[in-house]
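A closer look at the structure
Single-letter residue listing:
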Amino acid sequence: MSHLRQASTATPTSVAPGFTCGLDATLKIISGKWKPLILYFLLRGPTRYGELKRAVRDVSDKVLIQHLRELEADGVLRRNDYKEVPPRVDYTLTQLGQSLAQALEPLCTWGTENMAEMQKIFAERDSWLREKQA
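Residues numbered from 1 in each chain as written. Predicted model: local features only at pLDDT ≥ 70, side-chain atom pairs only at ≥ 80, totals over all residues. Heavy atoms only, no water.

Here the focus is the overall build of the chain. Counting its regular elements, the chain contains 7 helices and 3 strands. Ordering the α and β elements of the chain from the N terminus gives α-α-α-β-α-α-β-β-α-α. Counting only residues that meet the buried cut, the chain has 22% of its 134 residues in that class. A separation threshold of at least 6 residues defines the contact pool for the chain, and within that pool the share at least 24 residues apart is 44%. (Helix = DSSP H or I, 4+ residues; strand = E, 2+ residues; numbered from the N terminus. Buried < 20%, exposed > 50% of the residue type's maximum accessible area, 1.4 Å probe, protein only. Contact = heavy atoms within 4.5 Å.)

To continue, consider unusual backbone geometry. Val85 connects to Pro86 through a cis peptide bond whose omega is 0°. Summarising the element assignment, Pro86 is placed in the loop between β2 (77–81) and β3 (89–93). Even without a glycine there, the phi angle at Asp58 is positive, about 75°. Note that Asp58 resides in the loop between α4 (49–55) and α5 (61–73). Classification of Asp58 as exposed rests on a relative accessible area of 75%. Even without a glycine there, the phi angle at Lys83 is positive, about 50°. Structurally, Lys83 can be placed in the loop between β2 and β3. What makes Lys83 exposed here is its relative accessible area of 70%.

Moving on, we come to the sheet that holds β2. Read across the sheet, 3 strands follow the order β1-β3-β2 without closing on themselves; strand pairing throughout is antiparallel. In this open sheet, the two strands that pair with only one neighbour each are β1 (47–48) and β2. Across 2 bridges, the pairing between β1 and β3 is antiparallel. What sits directly across from Thr47, in β3, is Tyr91. Most of the contacts of helix α3 (residues 35–42) go to β3, to which it runs at about 95°, and overall it touches β1, β2 and β3. (Pairing = 2+ DSSP bridges. Axes fitted to C-alpha atoms, helices over the stretch in contact; angles between N-to-C directions.)

Turning our attention to the pairing of β3. The buried fraction of β3 is high, at 5 of 5 residues. On β3, burial covers both faces: Val89, Tyr91 and Leu93 on one face and Asp90 and Thr92 on the other are all buried. By the bridge criterion, 5 bridges tie β2 to β3 in an arrangement that is antiparallel. Its bridge partner being in β3, Asn80 is matched across the sheet by Asp90.

See the structure below:
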């Protein structure tokens, strides 16, 4: 709660140019449906592409590759090419990426603790949407 109070009293001059607040800066890095999950699974340590593909279910190869490239360009993960035959590449979090992924862990805990309630809410919402479309 003290973080919220600090953020609300921050002056606009304390924010880096191009961002409205710290959350805005964070969201610019993790925006994209799969990026938070990629960061979460990379917390386990070096991970090969195939392992990430299996862990981040339902993501297409195109989108996973795009997100990995963007996260690398943003300095939160490192692509390690071992220059071997057959090719061996894995991904690891940088120090910045480690701190970001660790900041996402409380969201994971919240989701786990509230999953049953969220399933009910989503089912109600889906029902409501079907009624509106009929």
